[in-house]
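# Structure assessment
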Amino acid sequence: MIEETPIFSVVAPVHNEEGNLFELYRRIRDVMDGLGESWELIMVNDGSTDNSFEEMLALHQQDPRVRLINFARNFGHQTAVTAGMDFSRGQAVILIDADLQDPPKLIVDMVKKWREGYHVVYAVRAKREGESPFKVWTAKLFYRLTNSITNIDIPLDTGDFRLMDRRVVNAVNSLREHNRFIRGMTSWVGFRQTGVEYVRKPRMAGETKYTLRKMLNLALDGITGFSYFPLQVAIYISFVLAVLAVLALPIIVVLRLATTEAFLEGQATTLSVLLILSAFQFLFFFIMGQYIARIYDEVRARPLYVIADTYGLPSQNVPPRVVTPVQAAEEHSHNISETSATS
Ligand code: UDP
Ligand code: MG
């Protein structure tokens, strides 16, 4: 049985986090109980291949406030967070990583800001401990890059660790894009936002699941999801090349007439210019491809995730099916034939 809706929903995506989950639960429980309001912890098992799910089940049996979503396979961090948000019912929703890099204690500060009237309270990484300089550097570069070329302001050095008011959660949940970049989407919806600082700790057990490839993909989702700038760069390059061409032609003619030496005859020159230009062309094929692939994702309108089963969650909270126009038309005609058959 599901009791009254909780005030707080904590959402934790889990992919192979065995050894972290009991401690995660314990710390979250201590913090949340201290707030004196009802709460739930929604753990999303994102296709773990270790003992994570057994540990999650044990937690659910021990405390029914721990609710579970079990994905049919690994759908990725951002999608796991999305499912947790879809099923959450709290007046405020807190996203937190399951590896204890995000200290649950900070939730107290977040809630304080929320009670002051802020709708989004994100955690700002004042310092990162135990992460490779490469990761810290690429993360920094990424935040600066996305901010300079996208038309939304994503606060610098924030991850997904944040508190969101129900209104924000509803707004973000209504964005059903397939390649999801949650921190961009929370910025995009607006509302009153503020940050609280913390020191990011090393993960408790296990290794990062964000490979370089996954990080690059997330960066591409962030950029393509919120900016047309990469598509527009081509025009600047074409301007520069056009100007060069216009300047080069008369110069070449004058030099040819004025000098007797062989001028610009080498094939090497021609070849390198050609290579540079085709490199640019392939770069823009790639950029266009990135946008086209994402259009394709939207057009297919597949569900964002597939759930194997849930534990402790009301079934009416299953997010609405995405209905394509063709399906809608078919269902409509089906309904008509059914009603005419019964009358
Ligand atoms: N995660 C997930 N699905 C994935 C990869 C990661 O649900 O495909 C979860 C993971 O269990 C953790 C959070 O997302 O709770 C952040 O992942 P991780 O700690 O590996 O990323 P990092 O902190 O290194 O950026
Ligand atoms: Mg981590």
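Residues numbered from 1 in each chain as written. Chains lettered and ligands numbered in written order. Predicted model: local features only at pLDDT ≥ 70, side-chain atom pairs only at ≥ 80, totals over all residues. Heavy atoms only, no water.

A few words on the overall build of the protein. Check the secondary structure of the protein and you find 11 helices and 8 strands. Relative to its length of 343 residues, the protein is extended, with a C-alpha radius of gyration of 26 Å against a globular reference of 20 Å. Each of the three principal axes of the protein carries a C-alpha extent, and together these read 95 × 65 × 40 Å. Within the protein, the proportion of its 343 residues that are buried is 43%. For the protein, the share of sequence-separated contacts (at least 6 apart) that also reach a separation of at least 24 residues comes to 82%. Total accessible area on the protein stands at roughly 18,600 Å², and carbon and sulfur atoms take up 62% of it. Here the protein carries 35 positive and 38 negative side-chain charges, and the mean point of each set is 4 Å from the other. (Helix = DSSP H or I, 4+ residues; strand = E, 2+ residues; numbered from the N terminus. Rg over C-alpha atoms; globule rule 2.2 N^0.38 Å. Buried < 20%, exposed > 50% of the residue type's maximum accessible area, 1.4 Å probe, protein only. Contact = heavy atoms within 4.5 Å. Areas by Shrake-Rupley, 256 points an atom, 1.4 Å probe, with all protein chains shown as cover. Lys, Arg positive; Asp, Glu negative; His and termini not counted. Charge placed at Lys NZ, Arg CZ, Asp CG, Glu CD.)

Turning our attention to the site of ligand 1. Taken together, 19 residues are adjacent to ligand 1, and Glu17, Asp99, Gln101, Thr208 and Lys209 come closest. Taking Pro13, its main chain carries an N or O atom lying 2.8 Å from an oxygen atom of ligand 1. The contact in question runs from an oxygen atom of ligand 1 to an N or O atom on the backbone of Ala98, over 2.8 Å. Considered class by class, the residues forming the shell around ligand 1 number 4 nonpolar, 6 polar and 9 charged. (Near = heavy atom within 4 Å. Polar contact = N/O pair within 3.5 Å; in protein donor to acceptor, adjacent residues only side chain to side chain. Nonpolar A, V, L, I, M, F, W, Y, C, P; charged D, E, K, R; others polar.)

Within the protein, the magnesium ion (ligand 2) binds to Asp99 (OD) and Gln101 (OE1); these donor distances fall in the range 1.9 Å. A single burial state applies to Asp99 and to Gln101, both of which are buried. (Donors = N, O, S within 2.8 Å, 3.2 Å for Na, K, Ca; no water.)

Let's shift gears to the packing of helix α1 (residues 21-35) against helix α4 (residues 106-115). For the pair α1 and α4, interaxial distance at closest approach is 10 Å and the crossing angle is 30°. Here α1 runs over α4; the crossing is right-handed. Contact with α1, carried on its side by Val31, Met32 and Leu35, involves Ile107, Val108, Val111 and Arg115 of α4 and no other residues of that element. Broken down by class, the residue content of the contact of α1 with α4 amounts to 6 nonpolar, no polar and 1 charged. (Axes fitted to C-alpha atoms, helices over the stretch in contact; angles between N-to-C directions. Left-handed = near helix turned anticlockwise from the far one by under 90°.)

Turning next to the nonpolar core. Membership of the largest hydrophobic core comes to 36 residues, with the highest contact counts inside it found for Ile69, Phe71, Met85 and Leu95. Among the elements that line this core, the one with the most residues is helix α3 (residues 77-87), at 5 residues. When residues no more than four places from it in sequence are discounted, the contact partners of Phe71 are Val44, Asn45, Asp46, Gly47, Thr79, Ala80, Ala83, Tyr305, Val306, Ile307 and Ala308. Ranked by size, the runner-up nonpolar core spans 35 residues in total, among them Phe8, Val10, Val111 and Trp114. (Core = buried A, V, L, I, M, F, W, Y, C linked by side-chain atoms within 4.5 Å.)

Quick look at the pattern of salt bridges now. By the definition in use, this model includes 19 salt bridges. The closest approach of N and O atoms between Asp102 and Arg200, which form a salt bridge, is 2.6 Å. Residue Asp102 is located in the loop between β4 (92-95) and α4, and its partner Arg200 is located in strand β7 (residues 193-200); the two are separated by 98 residues in the primary sequence. Exposure class is identical for Asp102 and Arg200. Each is buried. Residues Arg144 and Asp157 are paired through a salt bridge, measuring 3.9 Å at the closest nitrogen-oxygen approach. Residue Arg144 is found in helix α5 (residues 133-149), and its partner Asp157 is found in the loop between α5 and β6 (158-165); the two are separated by 13 residues along the sequence. What you see here is one network of salt bridges that share partners, running through Glu23, Arg26, Arg27, Arg29 and Asp30. (Salt bridge = Lys/Arg side-chain N within 4 Å of Asp/Glu carboxyl O.)

This part takes up the sheet that holds strand β5 (residues 120-128). Reading across the sheet, the 8 strands line up as β7-β5-β6-β4-β1-β2-β3-β8 and stay open at both edges, with mixed pairing between neighbours. At either end of the open sheet lies a strand with only one pairing partner, and these are β7 and β8 (307-311). Within the sheet, the average angular offset between the axes of one strand and its neighbour, ignoring direction, is 20°. Note that β5 and β7 share 8 bridges and pair parallel. Bridge pairing links Arg125 to Tyr198 in β7. Where helix α6 (residues 166-173) meets the sheet, it contacts β4, β5 and β6, and its direction lies at approximately 115° from that of β6. (Pairing = 2+ DSSP bridges.)

Inspection of every chain in the model, using the stated rule, returns 7 aromatic pairs. Aromatic pair Phe8 and Trp114: ring centres 5.5 Å apart, planes at 65°, arrangement edge-to-face. Of this pair, Phe8 sits in strand β1 (residues 8-14) while Trp114 sits in helix α4, and the two are 106 residues apart along the sequence. For the residue pair Phe8 and Trp114, the accessibility class agrees, reading buried in each case. Relative to Tyr198, the ring of Phe161 lies with its centre 5.6 Å away and its plane at 85°, an arrangement referred to as edge-to-face. Taken together, the positions of Phe161 in strand β6 and Tyr198 in strand β7 put the pair 37 residues apart, joining distant regions of the chain. By relative accessible area, Phe161 is classed as buried at 2%. Over the aromatic face of Tyr118 sits the side chain of Arg192, whose NZ or CZ is 4.4 Å from the ring centroid. We note Arg300 situated over the ring of Tyr296; from NZ or CZ to the ring centre the distance is 4.2 Å. (Phe/Tyr/Trp six-rings, centres within 6.5 Å; stacked < 30°, edge-to-face > 60°. Lys NZ or Arg CZ within 6 Å of the ring centre and 35° of its normal.)

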